[in-house]
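The residues making up each chain are set out below.
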Amino acid sequence: SLDPLKYHQSLAVYTYVTQGYALVMLQMLIFSLVLQEFSVAVMGYTACQFLLHSAHVALSPPIETIGMLQAELLSWTDEAVAKPFFLRLLNHNDAFLVLTDVEFNELDKASKEGGRLKRLFDDAKGQKLSLGL
């Protein structure tokens, strides 16, 4: 699983690895069709799996870092119902996002002046990321 790569300090690593995997697989499938050799596709799949697991081991942050980041994502509010929102958002893949009333109200409160997420919302509006959040 590439999920730990989502926590890498460079946001593009996860994308690079998954797109690289897809491109190498496509290339090997084309070679397999051109050469009419099924073994090329099998070899490509094996090489891609090795590279995928190697990237996971080499590029994933330590488990302690992931735990620290998850704890940070859970501590943005004191409201127990809304706490897992950012962890849910991290793994969200749909075209739309459903918020509960509690989550919406807590996000609204945290985005206002003096709120815990004010800098995050300002960064999102300015399309930048301040270090040392």
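This text gives an overview of the structure that appears in the document.

About the cut-offs
- Residues numbered from 1 in each chain as written.
- Predicted model: local features only at pLDDT ≥ 70, side-chain atom pairs only at ≥ 80, totals over all residues.
- Heavy atoms only, no water.
- Phe/Tyr/Trp six-rings, centres within 6.5 Å; stacked < 30°, edge-to-face > 60°.
- Helix = DSSP H or I, 4+ residues; strand = E, 2+ residues; numbered from the N terminus.
- Buried < 20%, exposed > 50% of the residue type's maximum accessible area, 1.4 Å probe, protein only.
- Salt bridge = Lys/Arg side-chain N within 4 Å of Asp/Glu carboxyl O.

## Overview of the packing of aromatic side chains
For step 1, the next point in the chain: The final tally for this structure, using the stated rule, is three aromatic pairs.
For step 2, the next point in the chain: Aromatic pair W76 and F86: ring centres 5.2 Å apart, planes at 80°, arrangement edge-to-face. Here F86 lies in helix α4 (residues 85-90) and W76 lies in the loop between α3 (63-74) and α4, a separation of 10 residues in the sequence. Across this residue pair, the class does not change: W76 and F86 are buried.

## Some words on the pattern of salt bridges
For step 1, the next point in the chain: This structure, assessed with the given rule, holds six salt bridges.
For step 2, the next point in the chain: Close ionic contact of D108 with K112 constitutes a salt bridge, the shortest N to O distance being 3.0 Å.
For step 3, the next point in the chain: Between K118 and E113 there is a salt bridge, with its nearest N and O atoms 4.0 Å apart.
For step 4, the next point in the chain: Several salt bridges converge on common partners, so that one network encompasses E113, K118 and D122.

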